[in-house]
Amino acid sequence: MAAPSAMDRKEFLQLFGMGATALVASACLGLGGCGSKSGDPSPTPATNVDFTVDLTASSSAALNDATKGYIYGPNRDVIVAKTTAGTYIAFQGPCPHEGTSVYFNQGQSRFICPNHNAVFTVGGAVVSGPVSQGLKQYTVVQTGTSLRITG
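- As named in an unreviewed UniProt entry, the protein chain is Rieske (2Fe-2S) protein, taken from Hymenobacter yonginensis.

Next up, the structure:
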């Protein structure tokens, strides 16, 4: 079999380039635009939240662990955290930027999104990152060893 000519390679590269460009363009359109902040999905915070956390349950042990200090609600749509002052707080679990679950850094009193390093205060306000809105806060009422989260 004869080696391909220079013209064949040129045609191949042109065709390959057009195909790759079409693939990237269709992927960007399918994702709502490449690099466009207006195309980023903005998850809606959970509504009609109403659940109870038993502080004595093994599933709640992370709340009292100084290296963690948080748990997620049943659907991961709410994060419940224990502050260094010993109070409990609850906020939306998905980052408002693209929906990645935030975690709580108890020592820094900050919620952090590991996806794009968005940082939120212990009150849910934006500190930094590619996010334009803070975290929705939910009501936490403690009765003995039980927390009721609503909102």
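Don't stop here, the text continues.
## A look at the nonpolar core
Right, so step 1: If you look at the biggest cluster of nonpolar residues, it comprises 15 residues, and the most contacted ones within it are Val53, Leu63, Val78, Val80, Leu147 and Ile149.
Right, so step 2: Mapped onto this core, the elements with two or more residues apiece are β1 (50–54), β3 (78–82), β4 (88–92) and β10 (146–150).
Right, so step 3: Apart from the residues lying within four places of it in its own chain, the contact partners of valine 80 are Phe51, Leu63, Gly69, Tyr70, Ile71, Ile89, Ala90, Leu147 and Ile149.
Right, so step 4: With 14 residues, the next largest nonpolar core counts Ile79, Val102, Phe111 and Phe120 among its residues.

## What to know about the pattern of salt bridges
Right, so step 1: Inspection of the entire model under this criterion finds one salt bridge.
Right, so step 2: Put simply, aspartate 50 and arginine 148 hold a salt bridge, and the shortest N to O gap is 2.7 Å. Of this pair, aspartate 50 sits in strand β1 while arginine 148 is found in strand β10, placing the two residues 98 residues apart along the sequence.

## Overview of unusual backbone geometry
Right, so step 1: Phi at arginine 76 is positive, roughly 60°, even though this residue is not glycine.
Right, so step 2: Judged by relative accessible area, arginine 76 falls into the partly exposed class, the value being 43%.
Right, so step 3: Unusually for a residue other than glycine, asparagine 117 sits at a positive phi of about 60°.
Right, so step 4: Tracing the sequence through the fold places asparagine 117 in the loop between β6 (110–112) and β7 (119–121).
Right, so step 5: Residue asparagine 117 is classed as exposed on the basis of its relative accessible area of 53%.

## Remarks on the pairing of strand β9 (residues 137–143)
Right, so step 1: Taken together, the two bridges between β4 and β9 define a ladder with antiparallel strand orientation. Each residue of the ladder has a partner; that of phenylalanine 91, found in β9, is glutamine 137.
Right, so step 2: With five bridges joining them, β9 and β10 adopt antiparallel strand pairing. Paired with valine 141 across the bridge in β10 is arginine 148.
Right, so step 3: Between β9 and β10, which pair antiparallel one after the other, the connecting turn spans two residues, and glycine 144 there sits at a positive phi close to 60°.

## Here's the deal with the packing of aromatic side chains
Right, so step 1: Applying the stated criterion across every chain yields a total of three aromatic pairs.
Right, so step 2: Aromatic side chains tyrosine 70 and tyrosine 72 sit 5.7 Å apart centroid to centroid with 80° between the ring planes, which places their arrangement in the edge-to-face category.
Right, so step 3: Classification of tyrosine 70 as buried rests on a relative accessible area of 13%.
Right, so step 4: Considering the side-chain rings of phenylalanine 104 and phenylalanine 111, the 4.8 Å spacing of their centres and the 50° angle between planes classify their relative orientation as tilted.
Right, so step 5: Note on phenylalanine 104: relative accessible area 2%, which makes it buried.
Right, so step 6: Every member of this aromatic cluster is reached through a ring pair, and the members are Phe91, Phe104 and Phe111.
Right, so step 7: Positioned above the aromatic ring of tyrosine 70 is the side chain of lysine 68, whose terminal nitrogen or guanidinium carbon lies 5.1 Å from the ring centre.
Right, so step 8: A cation sits over an aromatic face here: arginine 76 above tyrosine 72, 3.8 Å from the ring centre.

## Some words on the environment of cysteine 95
Right, so step 1: With respect to the element layout, cysteine 95 can be found in the loop between β4 and β5 (103–105).
Right, so step 2: C-alpha separation for the pair cysteine 95 and lysine 136, spaced 41 residues apart in sequence, amounts to 9.9 Å.

## Considerations on the environment of glycine 151
Right, so step 1: Relative to the helices and strands, glycine 151 is located in the segment after β10.
Right, so step 2: Separated by 60 residues in sequence, glycine 151 and phenylalanine 91 have C-alpha atoms that sit 9.7 Å apart.

What counts and what doesn't
Residues numbered from 1 in each chain as written. Predicted model: local features only at pLDDT ≥ 70, side-chain atom pairs only at ≥ 80, totals over all residues. Heavy atoms only, no water. Core = buried A, V, L, I, M, F, W, Y, C linked by side-chain atoms within 4.5 Å. Buried < 20%, exposed > 50% of the residue type's maximum accessible area, 1.4 Å probe, protein only. Helix = DSSP H or I, 4+ residues; strand = E, 2+ residues; numbered from the N terminus. Contact = heavy atoms within 4.5 Å. Salt bridge = Lys/Arg side-chain N within 4 Å of Asp/Glu carboxyl O. Pairing = 2+ DSSP bridges. Phe/Tyr/Trp six-rings, centres within 6.5 Å; stacked < 30°, edge-to-face > 60°. Lys NZ or Arg CZ within 6 Å of the ring centre and 35° of its normal.

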